[in-house]
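Structural overview for review
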Amino acid sequence: MKILFVSLGCDKNLVDSEYMIGILAEAGHTFTNEEQEAEAIVINSCCFINDAKEESINTILEMAEYKDHGSCKALIVTGCLAQRYKDEIITEIPQVDAVLGTNSYEEVAKALDEVQKGVRFEKYLALEGLPAHGMRRTLTTGGHYAHLKIAEGCDNHCAYCIIPTARGPVRSKPLEDLRRELAGTVTDHSEKIYTNGYALSVGGQVLDPDTGVTYTVTQELGHNSIHPMKRYLVEARKGAAPK
């Protein structure tokens, strides 16, 4: 199918979107930037603040028009809004054919297959561990830079923030997985690499779930392409964008 992929929200969400695009491409699907051409539309949503929530809802409703009056045959919603407000999406927006939680996005190709069979698909894996997507990732940042997500979730439970609810507790990527990703897709196609995660320490210290050892990203993943890593780790914690 020809797919329009809409990625909303932060750079962490963008990394998830790039994995989903890679998974869909591997399954034989193609992509378009034109709503009128799309046979399927995937929206990776955000709801970190109210404005982001409204943008996601408005985008879903706008894309639903192409399901009603255009060539779109499948509308899939993923991401934080899908995790946090799955029941509301299913109940109030009947044009949505599939909803995937934040830890279930590796099922996006299966969801599209099921929708084509006339099945409404939902998947919400527990917010523990990480999706096993391997190396399937299609970068969308034009080759100038790429994001390397080193951790998922947050344990802080701040009153204003939905990340622990939508993303779960902190889970770090194993160091060897990060090394493989750096050696493959990311460094092959990018001049600079920016690490990201929802709850990074200032020094980039991460607990490896495979070994139980805490390592420092700036030391273990030193690479010529990772120019501003330490600085960006500090900025990422504050929610700043890379410069």
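Placed above this text is the structure.
None of these values were measured; they are calculated from a predicted model.

Cut-offs and rules
Residues numbered from 1 in each chain as written. Predicted model: local features only at pLDDT ≥ 70, side-chain atom pairs only at ≥ 80, totals over all residues. Heavy atoms only, no water. Helix = DSSP H or I, 4+ residues; strand = E, 2+ residues; numbered from the N terminus. Contact = heavy atoms within 4.5 Å. Polar contact = N/O pair within 3.5 Å; in protein donor to acceptor, adjacent residues only side chain to side chain. Disulfide = S-S within 2.5 Å. Buried < 20%, exposed > 50% of the residue type's maximum accessible area, 1.4 Å probe, protein only. Core = buried A, V, L, I, M, F, W, Y, C linked by side-chain atoms within 4.5 Å.

Quick notes on the environment of Glu-37
Among the secondary structure elements, Glu-37 is positioned in the loop between strand 2 (30-31) and strand 3 (40-45). Remark: the alpha-carbon pair of Glu-37 and Lys-2, spanning 35 residues in sequence, is separated by 7.4 Å. If sequence neighbours within four positions are ignored, Glu-37 has contacts with Lys-2, Thr-32 and Ser-71. Among the polar contacts listed, one links the side chain of Glu-37 to the side chain of Thr-32, at a separation of 2.8 Å.

A word on the state of the cysteines
Put plainly, two cysteines are in a disulfide when a covalent bond ties their sulfur atoms together. One pass over the full model with this rule turns up zero disulfides. We note that Cys-10 lacks a disulfide partner, and the nearest cysteine sulfur, in Cys-46, lies 6.1 Å from it. The exposure class of Cys-10 is partly exposed, given its relative accessible area of 30%. Cys-154 takes part in no disulfide bond, and the closest cysteine sulfur, belonging to Cys-161, lies 6.2 Å away. You can call Cys-154 buried: its relative accessible area is 9%.

Examining the nonpolar core
Nonpolar side chains tend to gather and get buried jointly when the protein is soluble and globular. Counting 28 residues, the largest nonpolar core has Ile-41, Ile-43, Ile-60, Met-63, Leu-75 and Val-96 as the members making the most contacts within it. Listing elements by their share of this core, those giving two or more residues are strand 1 (2-7), strand 3, helix 2 (50-69), strand 4 (74-79), helix 3 (80-84), helix 4 (86-92) and helix 6 (163-167). Looking at which element gives the most residues to this core, the answer is helix 2, with four residues. Excluding residues that lie within four positions of it along the chain, Met-63 makes contacts with Leu-4, Glu-35, Ile-41, Ile-43 and Leu-75. Ile-3, Ile-21, Ile-23 and Ile-76 belong to the second-largest nonpolar core, a separate cluster that totals 21 residues.

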